[in-house]
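Structural overview for review
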Amino acid sequence: MIRPVRFTDDLAHLPTHKFGPSSLTWWGIIGYMVVEGGFFALAFAAYFFLMGHEQGWPPEGWAAPDLLWGSLFTIIILLSEIPNTMIKRAAHAYDVQAIRRLMPMIVAAGAVLLIIRGVEFNALNVRWNDNAYGSIIWALLLLHTIHILTDWGDTIVLWALMMTPVGYEGRRLVDTDENALYWRYVWLLWIPIYLMIYWVPRL
Amino acid sequence: MNPEELEDLREENERLEAERARIARDGHHLNGAELHARLDRTWRRQPGLIGWLATVDHKEIGRRYIVTALIFLALGGVLSLIMRLQLARPDGHVVGAARYNELFTMHGSTMMFLFAVPIMEGVAVYIIPLMVGTRSTAFPRLNSYSYYMYLFGGLMLWVAFAFNIAPDIGWFAYTPLSGPQFSPGKRADIWAQMITFTEVSALAAAVVLVCTILKARAPGMTLSRMPLFAWAMLVVALMIIFAMPSIALCSGMLISDRLVGTQFYNHYEHGDALLWQHLFWFFGHPEVYIIFLPATGFVSVITEAFCRRPIFAYPVVVLAIISTGILAFGLWVHHMFATGLPRVGYSFYTAASMTVAIPTGLQIFCWLATMWDGRPRFQVPMLYVVGFIVTFVIGGLSGVIIAAVPLDLQLHDTYFIVAHFHYVLIGGAVFPLLGILTYWFPKITGRMMSETLGKIGFWILFLGFQLTFFPMHFAGLLGMPRRVYTYPAGMGLELPNLLSTIGAFAVATAVLLFVINGVVSYFRGALATDNPWDASSLEWATSSPPPSYNFEHIPVVASRTPLWDEKGDLPVVTGLRVDDKETLLTTVVAAIPDVREPVPEASIWPFVAACATGVFFVSSIFSPWAVPFGGIPTAIAMAAWFWPSSLKRTAEPVIA
Amino acid sequence: MMRGSGKAAASLPLLLCGCSIQHYQSTFGNAAEEARQFNTLFVIFLIVCAVMYAFVIAFLIGSIVRRRRASEANVFETGRHHATNPAMQTGLMVWGGVIGTGLIALAIASFFADRSMAQAAAHEKLSITVTANQWWWDFQYNSADVSKTLRTSNEIHLPVGVPVRIILHSNDVIHSFWVPSLAGKQDLIPGRENDISITPTKVGLYRGQCAEYCGTQHANMAFVVQVEPYADFIKWWEQGLAPARAPNAVLAKAGYQYVTTRECAMCHAIAGTTASATVGPDLTHFASNRSIAAGTLPMNQANIRRWVDDPQGVKPGTKMPKVPLAPNDLKAVVAYLETLK
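Nothing here was measured: the structure is a model prediction, and the numbers come from that model.

Turning to the nonpolar core, a few remarks are in order. B:I128, B:W191, B:F229, B:Y439, B:W440, C:W137 and C:F177 are the most contacted members of the largest nonpolar core, which totals 338 residues. Sorting elements by how many residues they give to this core places helix α5 (residues 97-132) of chain B first, with 23 residues. Membership of the second largest hydrophobic core comes to 22 residues, among which are C:A293, C:M299, C:V308 and C:V334.

Below, the structure written as C-alpha cells:
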C-alpha cells in the first residue's frame, strides 16, 4: 500500500467456514434460488395469462392430466425430506459418517423421482404441440424436471466428495448443509407446480 | 467407524492443527516488500495460454469485459452509420429493405445486449472489489464463466451476420413476426439463443456482484458508508436477477415454438401474441434502468472527486437508487399503450412512469447541490457529467411526455421515441461511462489519458450527439415511423434526416478519438500515481495499477470518504494467509469481520464449461436432441469445475 | 429498381398536393378532433417540461459560475467537506415538491384528454373494418344492409365531422394503423379485435402508414385517407358499390379475359366479374387509387405495367408472385386495369 499503515485487529482466529448467512456460498445459492424462483413465477404468470383467455381449462376436448403419477411423485418427494433433514442436522453436527450413510437415500430417491417423472409426461393427456395449454403445462413440468436433474447431479458429485478424505473439511459440511437447503427448495417449488398442472384444470 | 479409523482421524486432526500454527500471515511479522513478493507469487496469473484462459483475477476479467464491449460498441456503431447513410436522403439506395431490417436488428441487439449491460458489469467487476476493500469478487470462477458466455454469445450473433443469417426481427422480436410461420429459417433462433448466452452471463455476474457487495466489504464499511457506485451496482445486480428470467423465459418459449411446435404465441391454438410483449417488456423496461443506474453511480463518483466533497444528501441518493430500481418493474405496459389493453389499466402505468422521474430528479438535485457547495474542477470526467445533465434531462422529459397515453399514441413507434431513448441511453449512460473510463483509466493501466484529446473528443461528441438526435424529435412529429428503410420526399423529413446523418459521423469521430486516446495513452500516457485525482475511496489506496492481490492488508474504514478522513496512517487488519489465496468476509449490514474465506485458484474449467455450454446452446438451434447430448458434456465440465484438484486435507482450506 | 420506385414514392405526396410539406402525414396536420387534442396536450406538456428544464440548467449554470468564489466552498481541503448549506436541504424538498406537483398536473391533464377521447367513441355513426396484411390494407365499410358493404384496398374516404369507428384486425402479424394528421395509432393484432375512433374536422387528403414493424416491406405499407363533405362521401360510396363495367376496347377486353380467368383471379376480386378471391386487394376500383401496392408507386400506366410485370422487383418479398406474362398479355392486362375506376 502506498500510504503507511497502522495495524488494528488481527483476524487469524476467525474461522474459515461457517453455516448459514455467514457462508458466501449460502448467498450464492440464495441468489440462484431467487433467479429460478423468478423464472417459475413468470411461468406461473404465463400460465394464468393463457388460462384467462379460455372459457374452459383445459380447453374443450382435452382431459386434465391423470392424478396418479403426479401424486405419487409428490408423496415421494415430500418423504425424501426426512433423510434430507437428517443430512442437514448431521452436517451441523460434523457427523461425516451419518452423511455418508444418508446421501445414497437422496440419490436413490432422485432416481426414482426421475423415472416417475418420465411416466408423468406420458400421462398429461395432451401433447406440448397441441395447444398453448399443453405447451405451458409441459413447460412447467420440464422446467421442474431440469431442477430435479441438476440437483440430483449436484448431490451425486457431493456424495462422491464426501466419501473421500476431504469430506471431513468444515467447508464440505457447509456444502452439504447448503445442498440440503437446495433440495428443500426443489420440493417446495414443486407444490405450486403440482397444483397448477393437476388440480387447477380440475376446478 | 471402527476405533482404528477414529484414531487415524484424531492424528490427522492434530497434524493439521500443528500445520495451521505455522502458516504465514500478514501483519507485524510479515509486511512491506517481503509481503508483497509472497502475495504476488500467490495471486499472480500463471504464464502461458492456459494461464491466460484460466485466470480468475477480477481485474483481468473486468478489463476483458470492457475491451470486448467497446469492440461491440464500435461494430454496432458502424451499423448505425450505414443506416444513417441509407436514411440521409429519401429513397436511399445504400442498402435494400431486407438488409436494412437486419442492420437495425443487429444494431439494437448489439448495443443493448453486447455493449451496454456487459460494459457496466465489466466496470463493476473490475472496480467493486477495489472500492469495497477486498481482494477478489465472490465466485471468481463463475465470473470467468460469465465472461466467456458473453463472448461466445456475441460471437455467435456476429458470425451469423457474417454468414448472412443475421436476425431481422428487430431487437425486441415481436411475435408472431418472429414465430415459425413468419420468420422461417434460423435467423430468429440465432437471436433468441444469443439472448440465452447473454442472460446466463449477466445473471452469473449479478450473483457475483450481489455476494461481493454484501459479504466482502472492508471492516467498518457499513451499508451506510458504502460508496454510491456500490449501492448502484447492488441495486442493478438485484434488478438483473429479477428481470432477466423474464426474457430467458419468453425467448425459450419462442425457440420452442419454432423448434418443437409449442403454441405459446399462436392464437389459433389458444396462445397469444401479447404474451411475448408482456414477458419481453417486463424484462425490457428494467433493462434500461439496469443500463442507467450504474451511470448514476459513475456520476456520483466523478462529482464527488471533482467537486472535492462527498455527494450532498447521501441517504436521499441511496433511496433514489433503490426506489428507481423497484419502480422500474412497474412500468412495462407503457411500451404497450397501442395494443388495445383496457384504458383504466393504462392510467396506472402512466402514473408509475411519471413517478419514476421523481427519484431521478432528486438525484440530479443532489449532484447539482454538490457542485454548488463544492469546488468543481472541469477536467474531462466532469465535462461528461455536465454533458450528462444537459442531455439526459431532455431525454427524461421526453419520457414524461410519452408516459401520457394520448401523447404516446401519436409518438409511439416514431422517431420521437428513437430520439428519447438515445437521449437517455447515450446522454444518461454513455456520457458518464466515457467520463468514468477516463477517471479510472489511471487505476486500470497506470497511465493518464490525454486531457487535451479528451476535451476535444467530449465537445465533438456532445455537439455531434445533439445534431444527430435532436432533429429526430421533429422527424417523429412529422410522421416518420421507426424501422423503415426509406421514406418519401415532400413530408419535411429530408432536413432532419440529413442533419442526423451528419451528426452521426461526428459522434463516430468522437468515439474514435476516445479509443485512440485510450490506446496511445496506454503506451505513452503520463505515469499515474496511486491517487492522481486525490479522491476519497479505497481503490485509490493501492497502486496504479493495483497489484494482483489488490491490498497488502485489508483496510478498515470509519467514514464514507476514508482517504479524505484518515489523516495519517491507514488502519488495516492483519492475519490473512499469505501463501494461499485468502480474503475476508464481513457481516452484511455492519461489516464486522466474520470469516476468512479462501479464494478459488485459477482454473481452466470455467472456459471449458463455457465452450461446452456454447456448443450445447448453438446446436440446440438445429435440433432438440442437442439438449440431452449437449447437456451431458456441460454437466461433466461443471462437475470437474467443482471437483478439488487434490483430495488431501490441508491445514486451512484451499479451493483449487 | 429501388431508385425508380423510390422517386415515384417520393413524388406521390407532391402529386397529391402539388407543393412541399403539407402535413398530410404529420402530427401538425391537426385535421381531426383526436389530433387536435393531442396537439393541445402536447403543448401543455412541452411548456411544463421546458420550465423544469430551465430550472435544471439555471441551477447547473449557477453551480459552474459560483465556483469562482472558492473560499466559500465546503471542500475537503478546508476540512468542511461534510458540512452543507442548510438552505440546500430545504431546496431539495422544494425541488421534490415542484417535480411532484408538475407531474401530478401533467397526469391530470393527460387523464382528462384521455377521457374525452374515449367519450368520442360513444357517438360513432360510421364503422369500417380494417384487416391488415403483409403489406397492404383491406378496408370494409360496414352496413346494416349487407348488399351495401363496400370493400376497398389501401385507400379510404371519410366524411368530415362524422365520428367513425375503425375496427382493427390482422391476418398475419402485428401492424399499426396510424394517420398522424387525424389521430394516434392503434395496433392490429392477430387474434384480437381493437378499435379506434376518429372524427375528422378538415377536408383534405392524408397519408397513413403502418407503424409497427411487420417484416421486410414494413416501410411500404401506406394508405391514403380522403376526408370530404358528407354528400361527396355518400356519392363515393354509392359509386363504389357499382360493379366494374365490362370494357369495350379490344385490348382491355383481352385483359379482362386474362385477369378474370388466369392467375390474377386466384387472389383478387373484381365486383361484377367471376374474380372473387379475397387473398389480395380488391381491384374493383383499382385505377381510382392514388398509389399502387400501398404507397409504393404512384398510380399511372407505366407504374401499373412495372408492378404487374415484376412485383418482386419493385417490392421484394411482397406476397404477389411474379407471373411471367407475355408482352401482349401484359399490355392487355394493364389496359384492363386502367379501366377499373
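There's more to say after this.
On to the packing of helix α1 (residues 24-52) of chain A against helix α5 (residues 132-162) of chain A, then. Residues and elements named next belong to chain A. Two elements in contact, α1 and α5, have axes separated by 10 Å at closest approach and are oriented at 165 degrees. The angle between the axes of α1 and α5 places the two elements in the roughly antiparallel class. Seen from above, α1 lies across α5 with left-handed handedness. Seen from α1, the contacting residues are E36, F39, F40, A43, F44, A46, Y47 and L50; seen from α5, they are A132, I136, I137, L140, L143, H144 and H147. Here the residues of the contact of α1 with α5 sort into 12 nonpolar, 2 polar and 1 charged.

The subject of this paragraph is the interface of chain A and chain B. Contact residues are listed per partner, giving 56 residues for chain A and 77 residues for chain B. Taken together, both faces of the contact between chain A and chain B bury some 5,800 Å²; the carbon and sulfur share is 68%. Our count for the chain A to chain B interface comes out at 2 salt bridges. Ionic pairing is found between B:E597 and A:R171, a salt bridge with its closest N-O pair at 2.9 Å. For the interface between chain A and chain B, the tally reads 25 residue pairs in polar contact (both at pLDDT 80 or more). Every element with two or more residues in the side of chain A that touches chain B is listed here: β1 (5-10), α1 and α5 of chain A.

Before going further, it helps to examine the arrangement of the chains. Summarising the chain contacts, 2 pairs of chains touch, and the pair with the most contacts is chains B and C. Note that chain A does not reach chain C: the shortest distance linking a C-alpha of one to a C-alpha of the other is 11 Å.

Before going further, it helps to spend a moment on the pattern of salt bridges. All names here are of chain B. In total, this model carries 41 salt bridges over all chains according to the counting rule given. As a salt-bridge pair, R10 and E7 come within 2.7 Å of each other at their nearest N and O atoms. In this pair, R10 and E7 are both assigned in helix α1 (residues 3-21), 3 residues apart and thus about one turn of the helix distant. Overall, the relative accessible area of 32% leaves E7 in the partly exposed class. The partner of E19 in a salt bridge is R15, with the nearest N and O atoms 2.9 Å apart. Within this pair, E19 and its partner R15 are both found in helix α1, separated by 4 residues, close to a single helical turn. On the basis of relative accessibility, which here comes to 30%, the residue E19 falls in the partly exposed class.

Between chain C and chain B, the residue contacts involve 91 residues of the former and 91 residues of the latter. Of the roughly 7,800 Å² buried between chain C and chain B, counting both surfaces, carbon and sulfur atoms make up 68%. Our count for the chain C to chain B interface comes out at 3 salt bridges. Linking chain C with chain B are 32 residue pairs in polar contact (both at pLDDT 80 or more). When contributions to the side of chain C that touches chain B are tallied by element, the ones reaching two or more residues are α1 (2-17), α2 (33-66), α3 (86-120), β7 (186-188) and β9 (204-209) of chain C. In terms of residues, the side of chain C that touches chain B owes the most to one element, α2(C), which gives 17 residues. Here the residues of the side of chain C that touches chain B are counted per class, giving 47 nonpolar, 31 polar and 13 charged.

Turning next to the side chain of B:T586. All names here are of chain B. By the element assignment, T586 lies in strand β2 (residues 582-586). Under the relative-accessibility criterion, T586 is labelled buried at 0%. Residue contacts for T586: discarding those within four places in its chain leaves L214, K215, A216, R217, A218, P219, A591, I592, P593 and D594.

Residue and element names in this part refer to chain B. Tracing the chain through its elements places I402 in helix α13 (residues 380-403). Along the sequence, I402 and H420 sit 18 residues apart, while their C-alpha atoms lie 9.1 Å from each other. Sequence-distant contacts of I402, defined by excluding residues within four places in its chain, comprise F337, D408, L411, F416, I417 and H420.

Here we take up the packing of α1(A) against helix α9 (residues 273-307) of chain B. Between α1(A) and α9(B), whose axes approach to 11 Å, the crossing angle comes to 155 degrees. Between α1(A) and α9(B), the crossing angle belongs to the class labelled roughly antiparallel. As for the relative orientation of α1(A) and α9(B), their crossing is right-handed in sense. Where α1(A) abuts α9(B), its residues A:L42, A:A46, A:F49 and A:L50 lie against B:L274, B:L275, B:H278, B:L279 and B:F282. Looking at side-chain class alone, the contact of α1(A) with α9(B) contains 8 nonpolar, 1 polar and no charged residues.

Attention now moves to the pairing of strand β1 (residues 570-574) of chain B. The side chains of a regular strand alternate, residue by residue, between the two faces of the sheet. Taken across its 5 residues, β1(B) has 5 buried, putting it largely inside the fold. Residues B:L570, B:V572 and B:T574 point to one face of β1(B) and B:P571 and B:V573 to the other, with burial holding for every one of them. Inspection of the sheet shows β1(A) paired to β1(B) by 4 bridges, in the parallel sense. The partner of A:V5 across the bridge, within β1(B), is B:L570.

What follows is about the domain arrangement of chain C. Residues and elements named next belong to chain C. Here chain C is partitioned into domain 1 (33-121), domain 2 (124-241) and domain 3 (250-339). The C-alpha-based centres of domain 2 and domain 3 are spaced at 22 Å. Between domain 2 and domain 3, the contact holds 18 residues from the first and 21 residues from the second. Buried surface at the junction of domain 2 and domain 3, both sides included, amounts to about 1,600 Å², of which 45% is carbon and sulfur. On inspection of domain 2 and its partner domain 3, the count reaches 2 salt bridges. Summed over the shared surface of domain 2 and domain 3, the number is 11 residue pairs in polar contact (both at pLDDT 80 or more).

For the rest of this paragraph, the subject is the packing of aromatic side chains. Under the defined criterion, the tally for this structure stands at 87 aromatic pairs over all chains. Relative to A:Y198, the ring of A:Y194 lies with its centre 5.4 Å away and its plane at 45 degrees, an arrangement referred to as tilted. Separated by 4 residues within a single helix, A:Y194 and A:Y198 lie in helix α6 (residues 170-199), roughly one turn from each other. Since its relative accessible area comes to 1%, A:Y198 is described here as buried. Between B:Y439 and B:W540 the ring centres are 5.2 Å apart and the planes differ by 75 degrees, which places this aromatic pair in the edge-to-face class. Residue B:Y439 is found in helix α15 (residues 415-445), and its partner B:W540 is found in the loop between α17 (494-524) and α18 (562-565); the two are separated by 101 residues along the sequence. Residues B:Y439 and B:W540 agree in their burial class; the two are buried. One aromatic cluster is present, formed by B:Y384, B:Y423, B:F431, B:F458, B:W459, B:F462, B:F465, B:F469, B:F470 and B:F474 through successive ring pairs. A cation over a ring is seen here: B:R64 above B:W52, with NZ or CZ 4.1 Å from the ring centre.

Moving on, we come to unusual backbone geometry. In this chain, A:W57 is followed by A:P58 through a cis amide linkage whose omega measures 5 degrees. Looking at the element boundaries, A:P58 is found in the loop between α1 and α2 (67-79). At the junction of B:T175 and B:P176, the peptide bond is cis and its omega measures out at -5 degrees in the coordinates. Note on placement: B:P176 falls in the loop between α6 (140-162) and α7 (187-215). Phi at B:A173 takes a positive value of approximately 45 degrees, unusual for a residue other than glycine. Position of B:A173 relative to the elements: it lies in the loop between α6 and α7. The phi angle at B:D413 is positive, at roughly 60 degrees, despite the residue not being glycine. The topology assignment puts B:D413 in the loop between α14 (405-411) and α15.

Parameters at a glance
Residues numbered from 1 in each chain as written. Chains lettered and ligands numbered in written order. Predicted model: local features only at pLDDT ≥ 70, side-chain atom pairs only at ≥ 80, totals over all residues. Heavy atoms only, no water. Core = buried A, V, L, I, M, F, W, Y, C linked by side-chain atoms within 4.5 Å. Buried < 20%, exposed > 50% of the residue type's maximum accessible area, 1.4 Å probe, protein only. Helix = DSSP H or I, 4+ residues; strand = E, 2+ residues; numbered from the N terminus. Axes fitted to C-alpha atoms, helices over the stretch in contact; angles between N-to-C directions. Parallel < 35°, antiparallel > 145°, perpendicular 65-115°, else oblique. Left-handed = near helix turned anticlockwise from the far one by under 90°. Contact = heavy atoms within 4.5 Å. Nonpolar A, V, L, I, M, F, W, Y, C, P; charged D, E, K, R; others polar. Buried area = accessible area lost by both parts, 1.4 Å probe. Salt bridge = Lys/Arg side-chain N within 4 Å of Asp/Glu carboxyl O. Polar contact = N/O pair within 3.5 Å; in protein donor to acceptor, adjacent residues only side chain to side chain. Pairing = 2+ DSSP bridges. Domains from an automatic or database assignment. Phe/Tyr/Trp six-rings, centres within 6.5 Å; stacked < 30°, edge-to-face > 60°. Lys NZ or Arg CZ within 6 Å of the ring centre and 35° of its normal.

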